[in-house]
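# Tertiary structure, described
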Amino acid sequence: MRSELDKFAVQNSIVHMSTDIKIKKGLQLKLKGAASNIIKRAPQTNNYAIKPTDFHGVFPKLLVKEGQSIKAGEPLFYSKYQDKIKFVSPVSGTLKEVQRGAKRKILNLIIEADPKQSALQHKLPSLENITSDQIRELLLESGNWPFIKQRPYDVIAHPDTTPKAIFVSAYATAPLAADFDILLDGQQEAFQTGIDVLAKLAPKVHLSVSSKSDSFLSSVTNCEIHRVSGPHPAGNVGVQIHHIDPINAGEIVWTVGAEDIANIGRFFLNGVFDASRTIAISGSPVTQPKYYKTSIGASLSSILDDAEVDQSSPLRIVNGDVLTGVTSSGEGHLSYYNNTLSVLPEGNRYRMFGWLPFVGSSIHSMSKTSLSWLFPKRQYAPDTNMNGEERALVVTGEMERVFPMDIYPMQLLKACMANDIEKMENLGIYEVAPEDFALIDYSSSSKIEAQAIVREALDLMITEVG
């Protein structure tokens, strides 16, 4: 297999000179509780869950029933409007429960894992001679296709489209986010294989890495490497797309997470769906923040117990980073695309004049009314207090300070709220995703839910424009 892989890599290898991207606008939030460089195998858990809500716009149609035995990699459901796209089990075991919400909406598929794991094995053609059609078919059949998202709209890629490029961001700038140099350590062969395979599906693959990275990522072949520097959101793939090859009307690009590239690579090495996840457990209440190797959908309780989280006061568990993650319970499960689990003190206390951060350097604020600007290197331990309510006041120029795209964010948000499709198109709706507006949610004195507004607007564009 190794010699065959070498031939495949040499045959398809394209080495590009790296280019630099320097982002100046944005904000680097320095929070206490960043994960140390320690990587540990997560404690064994019996329960795993796949959440259809992790896949925006997907309406699941079940292929299994409660009590049914399933193998790792066996399809659990498919997308109602794209039946080619299958979603598979991360482990072998028994489908213990299908949890439903209002109108029988499927919320969770709970799988009780077997003590001894077994996986569905796929027959692979020779990597040296594999075609793009074979790669596409194998990604769909094996359940690896959901790893691939598309812009515009930030949804799972349509399997019948061909993108003008594939973008991979291996540079994380969000607060307490996992460091990809640590996360991908020891996964060089799988990562390179994933890049080589996906390079057959698009004219070009772009890989963005930290300008300070000294890992193997800087020497990956068969892609164009971009060394990125700057504050958050410089690590967002949308920002990188904007500065490398912006999306015009009618164009499509694909995006794939860095660890998902390695998972795809491992599938094409051994024929088995790989649900591996390396996550950073971080936050000021975490006594021993570190990295854990686990699987998609793993139960969070055992991991949180091992990380020795201080539970002397109420906590907020966030599936993801603190700007874009989703609130979860300690009994919840790891979301499909997450590499970060953030823990914050719950903001359930009242502070007099909470709208005015005049209390010195204990609270971070971009406003000069706080003294935090005098301490640029200070680390903070924020809670989830909003420190005010939504206001009908928008400060001109405030959003632009943290939005490093050649787009007018305030005007775009207004067009989104008015459902004005023509204006949204003219103002750049095709280039953005909700995560690109996360810092606006944090820093804007109006406290509008910018990410939710953009997500609703993108859904409207899918319905009206397609």
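For the structure itself, consult the block above.
Here the structure is a predicted model, which is why all the values come from computation and not from measurement. (Residues numbered from 1 in each chain as written. Predicted model: local features only at pLDDT ≥ 70, side-chain atom pairs only at ≥ 80, totals over all residues. Heavy atoms only, no water.)

## A closer look at the overall build of the protein chain
Threshold: Helix numbers and strand numbers start at the N terminus; a helix is a DSSP run of H or I with at least 4 residues, a strand a run of E with at least 2. Using a 1.4 Å probe on the protein chains alone, a residue whose accessible area is under 20% of its type maximum counts as buried, one over 50% counts as exposed, and one in between counts as partly exposed. Residue contacts follow a heavy-atom distance rule, with two residues in contact if any of their heavy atoms lie within 4.5 Å. Computed with the Shrake-Rupley method and a 1.4 Å probe, the accessible areas treat only the protein chains shown as cover for residues.
Looking only at helices and strands, the protein chain has eleven helices and 20 strands in total. With the C-alpha coordinates of the protein chain rotated into their principal frame, the extents come out at 65 × 45 × 45 Å. Of all 466 residues assigned to the protein chain, the portion counted as buried reaches 54%. Considering only residue pairs separated by 6 or more positions, the protein chain has 69% of its internal contacts joining residues 24 or more positions apart. Carbon and sulfur atoms provide 50% of the accessible area of the protein chain, an area that totals close to 21,000 Å².

## Some words on the packing of aromatic side chains
We count it as follows: Two aromatic rings from Phe, Tyr or Trp, using only the six-membered ring of Trp, form a pair when their centres are within 6.5 Å; if the ring planes differ by under 30 degrees the pair is stacked, by over 60 it is edge-to-face, and anything between is tilted. To sit over a ring, a charge needs its Lys NZ or Arg CZ within 6 Å of the ring centre and within 35 degrees of the ring normal.
Across all of its chains, the model carries 14 aromatic pairs by this definition. Here Phe77 and Phe87 contribute two aromatic rings whose centre-to-centre distance is 4.7 Å and whose plane-to-plane angle is 15°, an arrangement assigned as stacked. With Phe77 in strand E6 (residues 75–79) and Phe87 in strand E7 (residues 82–88), this residue pair connects regions lying ten residues apart in the sequence. The buried category is assigned to Phe77, whose relative accessible area is 0%. Seen from their ring centres, Phe147 and Phe273 are 6.0 Å apart, and the 5° between their planes marks the pair as stacked. Note that Phe147 is positioned in the loop between helix H2 (132–142) and strand E10 (148–151) and Phe273 in the loop between helix H6 (258–270) and strand E16 (276–282), a separation of 126 residues in sequence. Given the relative accessible area of 7%, Phe273 is considered buried. Through a chain of ring-to-ring contacts, the aromatic side chains of Phe55, Phe77, Phe87, Phe147, Phe273, Tyr336 and Tyr337 assemble into a single cluster. Looking at Lys149, its charged tip hangs above the ring of Tyr337, at a distance of 4.3 Å from the centre.

## What to know about the packing of helix H8 (residues 409–417) against helix H11 (residues 450–464)
Applicable threshold: Angular values range over 0 to 180 degrees, each being the angle between N-to-C directions of two axes fitted as lines to C-alpha atoms, with helices fitted over their stretch in contact. An angle counts as roughly parallel when it lies under 35 degrees, as roughly antiparallel when it exceeds 145, as roughly perpendicular when it falls between 65 and 115, and as oblique in every other case. Each helix crossing is assigned a hand: it is left-handed if the near helix lies turned anticlockwise from the far helix by less than a right angle, otherwise right-handed if that turn is clockwise.
Contact geometry of H8 with H11 gives a least axis separation of 9 Å together with a crossing angle of 55°. Between H8 and H11, the angle falls in the class oblique. Here H8 runs over H11; the crossing is left-handed. The residues of H11 that touch H8, namely those facing Leu413, Cys416 and Met417, are Ala450, Ile453, Val454 and Ala457.

## A closer look at the packing of helix H4 (residues 188–198) against H6
A pair of packed helices is characterised by two quantities: the angle between their axes and the separation of those axes. Where H4 meets H6, the closest approach of the two axes is 7 Å, and the angle between their N-to-C directions is 85°. Relative to H6, H4 is oriented roughly perpendicular. Residues Glu189, Ala190, Phe191, Thr193, Gly194, Ile195, Val197 and Leu198 of H4 pack against Ala258, Ile261, Ala262, Ile264, Gly265, Arg266, Phe268 and Leu269 of H6.

## Topic: the pairing of strand E13 (residues 205–210)
Condition: For two strands to be treated as a pair, DSSP must find at least two bridges joining them.
Of all the six residues making up E13, six are buried; the element is thus mostly covered by neighbouring parts of the structure. Here strand E12 (residues 165–170) runs beside E13; their pairing, made up of five bridges, is parallel. Opposite Ser169, over in E13, you have Ser208 as the bridge partner. Pairing geometry for E13 and strand E14 (residues 224–229), over five bridges, is parallel. Counted as the bridge partner of Ser208 is His226 from E14.

## A word on the environment of Leu334
Relative to the helices and strands, Leu334 resides in the loop between strand E19 (326–328) and strand E20 (340–345). Classification of Leu334 as buried rests on a relative accessible area of 2%. Between the C-alpha atom of Leu334 and that of Ile279, which follows or precedes it by 55 residues, the distance is 9.2 Å. Filtering out sequence-adjacent residues up to four positions away, Leu334 remains in contact with Lys51, Arg277, Ile279, Thr294, Ser295, Ile296, Gly297, Ala298, Leu300 and Asn319.

## Overview of H11
Applicable threshold: Expected span of a helix, by definition, is 1.5 Å for each gap between consecutive residues, and there is one gap fewer than residues.
In this model H11 runs 21 Å from its N-terminal to its C-terminal C-alpha over 15 residues, within 8% of the 21 Å that 1.5 Å per residue would give. For H11, the complete set of buried residues consists of Ala450, Gln451, Ile453, Val454, Arg455, Ala457, Leu458 and Met461. On the buried face of H11, the contacting elements are strand E11 (155–156), H8, helix H9 (421–427) and helix H10 (438–443). In the stretch just after H11, Gly466 is the one whose phi turns positive, near 90°.

## So, the sheet that holds E20
Pairing in this open sheet of six strands is mixed, and the strands run E2-E17-E16-E20-E18-E19 from one edge to the other. In this open sheet, the two strands that pair with only one neighbour each are strand E2 (39–41) and E19. Along the sheet, successive strands turn relative to each other by an average axial angle of 35°, direction set aside. Here E16 pairs with E20 via three bridges, running parallel.

## Some words on the pattern of salt bridges
Under the convention used in this document: Salt bridge, as applied in this entry: a Lys or Arg side-chain nitrogen positioned within 4 Å of an Asp or Glu carboxyl oxygen.
In total, this model carries 14 salt bridges according to the counting rule given. A salt bridge links Arg316 to Glu346; its shortest N-O distance comes to 2.6 Å. Taken together, the positions of Arg316 in strand E18 (residues 315–319) and Glu346 in the loop between E20 and H8 put the pair 30 residues apart, joining distant regions of the chain.

## Examining the side chain of Asp274
Tracing the backbone shows Asp274 in the loop between H6 and E16. Judged by relative accessible area, which is 14%, Asp274 ranks as buried. Look past the residues within four positions of Asp274 in its chain and what remains in contact with it is Phe147, Asn263 and Arg266.

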